[in-house]
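Inside the fold
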Amino acid sequence: MRKSFRVITLALSTLTLFGLVNFATVNAGEMSAVKEGKKIALNRKKGNCLACHLIPDGGEQPGNIGPPLIAMKARFPDKEVLKAQIGDPRSMNPNTIMPPFGAHGILTADELEKVTEYIHSL
Amino acid sequence: MKKLFKSFALIAISLSSVLVATNTVHAATPAEDTEALRGYFQKTLGSKANLDEFINGTYALNEDARNQWQEIEEFPPYEIDLEKGADLWAKKFKNGKSFASCFGDDISGTRGKYPYHDETMDTIVTLEGDINKCLTDNGEKPYKWKKGKIAAVSAHIAYAGRGGKIDVQPKTEKALAWYNKGKNFFYAKRGQLNLSCADCHVYNANKKVRAEPLSPALGHPSHFPVFRSKWGELGTLHRRYGGCNKNIRAKPFKAQSDQYKSLEYFQAVMSNGLELNGPGARK
């Protein structure tokens, strides 16, 4: 009885440990993508998203041509849909004023990926 | 009976305007385009849309910025250029003539004549184009197109023409073709950022790109050349066009290219009836 209890705790703690470690690496990866994505999104030569959007921790004097980028997980539960909105907003609205960041090569595929991570975190 | 006829005519007119609005095949005349653009600004900007004020660009729509700008206008930054322009105007060419030999002594109506369509040459003639033509016709070297002397002489002529009204009427088939070329340019998306002039200066007029409020397209050509604080000097309308093209990462066209001449022609027609108030001062 005692022995089997021990085995179970061991198994449980290994599992938790494994899970924790796993969780931590994913988090670190996401964290750095979010950080890098933020830099790219705010860079005037890259995303320059502030030209048109308010971003909560993005900086002063945002433009107001597009909607504020807040509560993004609620508005875009599916990250892929968000990526499509940024990569080629014409797919959602053919007459949009938002530039096609992926389709026109304003951002590389990798940069688009990171910007999506950042925007999704808002 | 007469009254009845009148109301009938009214109904017919309003019906036809509905038809115009819904019929996409109908090629709009310049007058209809102007009406539609004015209507759009009135609808979207509401009580702010005092169209006669649009010659003051974004200052027509924002009181704080307007107050700052009016203070600047008390000691206008383009004053030195006006003196420079007057000197160049009076200066004799090598052949003893001067600009007055081309434009006449009374230049109060000169600014208002441009741009116009020359039927024989089938081109758009701009004020800057004629300033340089006057020089070359008299054996002088032409000025550079976008700033400096050409802007100073243009400012001198604009100043003398203040208070006149923009009145540019494409009347012939050829003139209409230039008008339509400019209209297409204005509404076409271009550049890596995929933006048209209309995206910013019609659909988002009075909204902000970053901290910069966007001016409405009506009135754009009324006050050029402009002293821009960012430039620290005067620049022509075509210089500004080039700047806006660069901002959207499109290759700018040359000043006085057919593209920018047609664009100036279209913008002038849109601004018909508005007051000429050049030279201007802008941030």
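For the structure given in this document, a descriptive report is provided here.

Reading the values: the criteria
Residues numbered from 1 in each chain as written. Chains lettered and ligands numbered in written order. Predicted model: local features only at pLDDT ≥ 70, side-chain atom pairs only at ≥ 80, totals over all residues. Heavy atoms only, no water. Helix = DSSP H or I, 4+ residues; strand = E, 2+ residues; numbered from the N terminus. Rg over C-alpha atoms; globule rule 2.2 N^0.38 Å. Buried < 20%, exposed > 50% of the residue type's maximum accessible area, 1.4 Å probe, protein only. Contact = heavy atoms within 4.5 Å. Areas by Shrake-Rupley, 256 points an atom, 1.4 Å probe, with all protein chains shown as cover. Buried area = accessible area lost by both parts, 1.4 Å probe. Salt bridge = Lys/Arg side-chain N within 4 Å of Asp/Glu carboxyl O. Polar contact = N/O pair within 3.5 Å; in protein donor to acceptor, adjacent residues only side chain to side chain. Nonpolar A, V, L, I, M, F, W, Y, C, P; charged D, E, K, R; others polar. Axes fitted to C-alpha atoms, helices over the stretch in contact; angles between N-to-C directions. Parallel < 35°, antiparallel > 145°, perpendicular 65-115°, else oblique. Patch = residues over 30% accessible without salt bridge, like charges linked within 9 Å, V, L, I, M, F, W, Y side chains within 5 Å. Lys, Arg positive; Asp, Glu negative; His and termini not counted. Charge placed at Lys NZ, Arg CZ, Asp CG, Glu CD. Disulfide = S-S within 2.5 Å. Pairing = 2+ DSSP bridges. Left-handed = near helix turned anticlockwise from the far one by under 90°.

**Here's the deal with the overall build of chain B**
Along its length, chain B carries eleven helices and seven strands. For chain B, whose C-alpha radius of gyration is 20 Å, the value lies close to the compact-globule estimate of 19 Å for 283 residues. By its C-alpha atoms, chain B is 70 × 45 × 40 Å across when sized along the principal axes. Across the 283 residues in chain B, those meeting the buried criterion constitute 48%. Contacts in chain B between residues at least 24 apart in sequence constitute 68% of all its contacts with a sequence separation of at least 6. When the accessible area of chain B is evaluated, it comes to approximately 14,900 Å², of which 56% is carbon and sulfur surface.

**Some thoughts on the interface of chain A and chain B**
Each partner contributes residues to the interface: chain A has 21 residues there, and chain B has 16 residues. In total, about 1,500 Å² of surface goes out of reach between chain A and chain B, with carbon and sulfur atoms giving 49% of it. Where chain A packs against chain B, one counts zero salt bridges. In this assembly, chain A and chain B are joined by seven residue pairs in polar contact (both at pLDDT 80 or more). Along the lines of polarity and charge, the residues of the side of chain A that touches chain B split into eight nonpolar, eight polar and five charged.

**Overview of helix α10 (residues 237–247) of chain B**
All names here are of chain B. When we look at burial in α10, the residues that qualify are Leu237, His238, Arg239, Tyr241, Gly242 and Asn245. Elements that come into contact with the buried residues of α10 comprise α8 (173–187), β6 (233–235) and α11 (258–270). Phi turns positive one or two residues past the end of α10, at arginine 249, with a value near 60 degrees.

**Some details on the packing of helix α4 (residues 79–90) of chain B against helix α7 (residues 149–160) of chain B**
All names here are of chain B. Interaxial distance between α4 and α7 falls to 7 Å at its minimum, and their mutual angle equals 95 degrees. Considered as vectors, α4 and α7 are oriented roughly perpendicular to each other. Taking contact as the criterion, the partners of Asp81, Leu82, Lys84, Gly85, Ala86, Leu88 and Trp89 in α4 are, on α7, Lys149, Ala152, Val153, Ala155, His156, Ile157 and Tyr159. For the contact of α4 with α7, the per-class residue count stands at nine nonpolar, two polar and three charged.

**Focus: a positive patch on the surface**
Residues and elements named next belong to chain B. Taken together, Lys84, Lys91, Lys141, Lys144 and Lys149 make up a surface patch of like positive charges. Tracing the backbone through its elements, the reader meets lysine 91 in the loop between α4 and α5 (100–103). A relative accessible area of 53% places lysine 91 in the exposed class.

**What to know about the state of the cysteines**
By definition, a disulfide links the sulfur atoms of two cysteine residues through a covalent bond. A full pass over the atoms with the stated rule returns one disulfide over all chains. Each sulfur of the disulfide joining cysteine 102 of chain B and cysteine 134 of chain B lies 2.0 Å from the other. Judged by the sign of its S-S torsion, about 80 degrees, the bond between cysteine 102 of chain B and cysteine 134 of chain B is right-handed. With a gap of 32 residues between them, cysteine 102 of chain B in helix α5 and cysteine 134 of chain B in helix α6 (residues 127–137) connect regions that are remote in the sequence. Residue cysteine 102 of chain B is classed as partly exposed on the basis of its relative accessible area of 38%. There is no disulfide at cysteine 49 of chain A, and the cysteine sulfur nearest it, in cysteine 52 of chain A, is 8.9 Å away.

**Side note on the sheet that holds strand β7 (residues 280–282) of chain B**
All names here are of chain B. The strand order across the open sheet built from three strands is β6-β5-β7, with neighbouring strands paired in mixed fashion. Across the chains shown, the open sheet's two edge strands, defined by having one partner strand only, are β6 and β7. With direction set aside, neighbouring strand axes in the sheet form an average angle of 35 degrees. Bridge count between strand β5 (residues 226–228) and β7: three bridges; the pairing is parallel. Across the sheet, the residue bridging to valine 226 is glycine 280, located in β7.

**A look at the side chain of glutamine 256 of chain B**
Residues and elements named next belong to chain B. Along the chain, glutamine 256 turns up in the loop between α10 and α11. Of the polar contacts made by the side chain of glutamine 256, one reaches the side chain of threonine 126; its length is 2.7 Å. Leaving out residues up to four positions away in the same chain, glutamine 256 has contacts with Thr126, Glu128, Gly129, Trp145, His238 and Lys261.

**Remarks on the environment of isoleucine 106 of chain A**
Along the chain, the position of isoleucine 106 of chain A falls in the loop between α3 (79–87) and α4 (109–120). Given a relative accessible area of 2%, isoleucine 106 of chain A falls into the buried group. The spacing of isoleucine 106 of chain A and glutamate 60 of chain A is 46 residues in sequence and 23 Å in space, taken between C-alpha atoms. If we ignore the near neighbours within four places in the chain, the residues touching isoleucine 106 of chain A are Lys46, Pro99, Pro100, Phe101 and Glu111 of chain A together with Gln192, Leu193 and Arg249 of chain B.

**What to know about the packing of α3 of chain A against α4 of chain A**
Packed helices, taken two at a time, are described by their axes: the angle between them and the distance between them. Residues and elements named next belong to chain A. Between α3 and α4, whose axes approach to 9 Å, the crossing angle comes to 120 degrees. In terms of orientation, α3 and α4 fall into the oblique class. Judged by the twist between their axes, the crossing of α3 over α4 is right-handed. Of α4, the residues touching α3 (which contributes Lys79, Leu82, Lys83, Ile86 and Gly87) are Leu112, Glu113, Val115, Thr116, Glu117, Ile119 and His120.

**Thoughts on the pattern of salt bridges**
In a structure, side chains of opposite charge can pair up when their charged atoms sit close to one another. Residues and elements named next belong to chain A. If you walk through the whole model with that rule in mind, you get 15 salt bridges over all chains. Here glutamate 117 ties to lysine 79 by a salt bridge, and the two come within 3.0 Å at their closest N and O atoms. With glutamate 117 in helix α4 and lysine 79 in helix α3, this pair connects stretches of sequence that are 38 residues apart. The class for glutamate 117 is buried, based on a relative accessible area of 17%. A salt bridge links glutamate 113 to lysine 83; the shortest N-O distance between them is 3.1 Å. Remark: lysine 83 occurs in helix α3 and glutamate 113 occurs in helix α4; sequence separation between them is 30 residues.

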